[in-house]
Amino acid sequence: MSAVLLALYPWTKALHIVAVIAWMAAMLYLPRLYVYHCETKPGSESSERFKVMERRLYKQILLPAMTATFVFGIMLALTPGAVEWDRGWFYVKLAAGLSLAGVHGALGRWRRDFLHDRNARTQRFFRIVNEVPTLLMVVAVVMVVVRPF
Ligand code: HEM
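Cut-offs used in this document
Per chain, the residues get numbers from 1 upward, laid out in the order the sequence is written. Selection of residues for local features in this predicted model requires a pLDDT of at least 70, selection of side-chain atom pairs for listing and counting requires 80 or more, and totals for whole chains, interfaces and linings are taken over all residues. To obtain the side-chain values, all non-hydrogen atoms of the structure were included, while hydrogens and water were left out. Water is absent from the atoms considered, so a metal site may look incomplete; donors are defined as N, O and S atoms within 2.8 Å of the metal, or 3.2 Å for Na, K and Ca. For the exposure calls, accessible area comes from a 1.4 Å probe over protein chains only, and a residue counts as buried if that area is under 20% of its type's maximum, exposed if over 50%, partly exposed in between. Whether a residue is near a molecule or strand depends on its heavy atoms: if one lies within 4 Å, it is near. Throughout this description, a polar contact denotes any pair of N or O atoms lying within 3.5 Å of each other; where both atoms belong to protein, one of them has to be capable of donating a hydrogen while the other can accept it, and for residues adjacent in sequence the pair is counted only when both atoms sit in side chains. Per the convention used, a helix needs a DSSP run of H or I reaching at least four residues, while a strand needs a run of E reaching at least two, with both numbered from the N terminus. Charged residues are taken to be Asp, Glu, Lys and Arg, nonpolar residues to be Ala, Val, Leu, Ile, Met, Phe, Trp, Tyr, Cys and Pro, and polar residues to be all remaining types, Gly included. Between two residues, a contact is recorded if the distance between any of their heavy atoms is within 4.5 Å. Orientation is described by lines fitted to C-alpha atoms, with helices fitted over the stretch in contact, and by angles between N-to-C directions that extend from 0 to 180 degrees. Relative orientations are named as follows: roughly parallel for angles under 35 degrees, roughly antiparallel for angles over 145 degrees, roughly perpendicular for angles from 65 to 115 degrees, and oblique for any other angle. Crossing chirality is assigned from the near helix's rotation relative to the far helix, an anticlockwise turn below a right angle marking it left-handed and a clockwise turn marking it right-handed. Only buried residues count toward a nonpolar core. Its members are Ala, Val, Leu, Ile, Met, Phe, Trp, Tyr and Cys residues joined through side-chain atoms within 4.5 Å.

### A word on the coordination of the iron atom of the ligand
Alright, step 1. All of the protein donors around the iron atom of the ligand are His-16 (NE2) and Lys-93 (NZ); their distances to the metal are 1.7 to 2.1 Å.
Alright, step 2. The exposure class of His-16 is buried, given its relative accessible area of 11%.

This is the structure:
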């Protein structure tokens, strides 16, 4: 198993980074759609169009990209030598990754609220939410590249 993971290591890391890019792109775009969706009347043509865009983004990009980020991330963690388990960077990165998964879950709940015309949150709320994945992404990348501790 270790020999296979070591042989695959450069591919696993490349696919992990590709998955992270797709996940972050969708995580930064979906709250933006919610900001504009707040401007539409429930049941209106534009509100129904936003529902289709949000469903496709969530199901066709966000969900597979998060799954791939975790699958390749765990494969990397299991690759001998990829993680220095006695140093703190990996645990802070993992916490940032799990927090991003939490934001992902919340975006799913808020999508269902829009889907059922019961969203009660404001544009301002979703503008603030839009910044959270950016901050967590910066933490994750700095931890794995700089490894400050
Ligand atoms: C939460 C699940 C995750 C796990 C288990 C995980 C695990 C790992 C591991 C073990 C490495 C390899 C380190 C190395 O060999 O150099 C790695 C690389 C990387 N990870 Fe993750 N990761 C996760 C999520 C993320 C997230 C959320 C991001 C960014 C938003 C991210 C960005 C990166 C980048 C950019 C690299 C390449 C670093 C380099 O080439 O030096 N990862 N990840």
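So that's the structure; there's more coming.
### A closer look at the site of the ligand
Alright, step 1. Taken together, 23 residues form the shell around the ligand, and within it Tyr-9, Lys-13, His-16, Lys-93 and Arg-147 come nearest.
Alright, step 2. Here an oxygen atom of the ligand and a side-chain polar atom of Tyr-9 are 2.4 Å apart.
Alright, step 3. Measuring from an oxygen atom of the ligand, one finds a side-chain N or O atom of Lys-13 at 3.1 Å.
Alright, step 4. Put simply, the parts of the chain that give the shell around the ligand at least two residues each are α1 (2-37), α2 (45-77), α3 (89-115) and α4 (123-146).
Alright, step 5. Taken together, the residues of the shell around the ligand sort by class into 16 nonpolar, four polar and three charged.

### Some points on the environment of Val-144
Alright, step 1. By the secondary structure assignment, Val-144 is in helix α4.
Alright, step 2. Taking the C-alpha atoms as reference points, Val-144 and Glu-48, 96 residues apart in sequence, are found 41 Å from one another.
Alright, step 3. Ignoring anything within four residues of it in the chain, the contact list for Val-144 reads Trp-89 and Lys-93.

### Brief notes about unusual backbone geometry
Alright, step 1. A positive phi angle is found at Asp-117, which is not glycine, with a value near 50°.
Alright, step 2. Tracing the backbone through its elements, the reader meets Asp-117 in the loop between α3 and α4.
Alright, step 3. What makes Asp-117 partly exposed here is its relative accessible area of 37%.
Alright, step 4. Positive phi, close to 50°, is recorded for Arg-147, a residue that is not glycine.
Alright, step 5. Summarising the element assignment, Arg-147 is placed in the segment after α4.

### Description of the packing of α1 against α2
Alright, step 1. Contact geometry of α1 with α2 gives a least axis separation of 7 Å together with a crossing angle of 155°. In terms of orientation, α1 and α2 fall into the roughly antiparallel class. The two elements α1 and α2 cross, and the hand of that crossing is left-handed.
Alright, step 2. When the residues that make up the contact of α1 with α2 are grouped by side-chain class, the tally is 28 nonpolar, six polar and three charged.

### Concerning the nonpolar core
Alright, step 1. Counting residues in each nonpolar core, the largest one holds 23 residues, and the members touching the most others are Trp-23, Met-27, Leu-30, Tyr-34, Leu-62, Leu-107 and Trp-110.
Alright, step 2. For this core, the secondary structure elements donating two or more residues are α1, α2, α3 and α4.
Alright, step 3. With eight residues, the single largest contributor to this core is α1.
Alright, step 4. Residue contacts for Trp-110: discarding those within four places in its chain leaves Tyr-34, Arg-121, Phe-125, Phe-126 and Val-129.
Alright, step 5. By size, the runner-up hydrophobic cluster in this structure holds five residues, among which are Ala-77, Val-83, Trp-89 and Met-143.

### Topic: the packing of α1 against α4
Alright, step 1. α4 packs onto α1 with a crossing angle of 170° between their chain directions and a minimal axis gap of 8 Å. Considering their axes alone, α1 and α4 lie roughly antiparallel with respect to each other. Touching Met-24, Met-27, Leu-28, Pro-31, Arg-32, Tyr-34 and Val-35 of α1 are Gln-123, Phe-126, Arg-127, Val-129, Asn-130, Pro-133, Thr-134 and Met-137, all from α4.
Alright, step 2. Looking at the contact of α1 with α4 residue by residue, the classes come out as 10 nonpolar, three polar and two charged.

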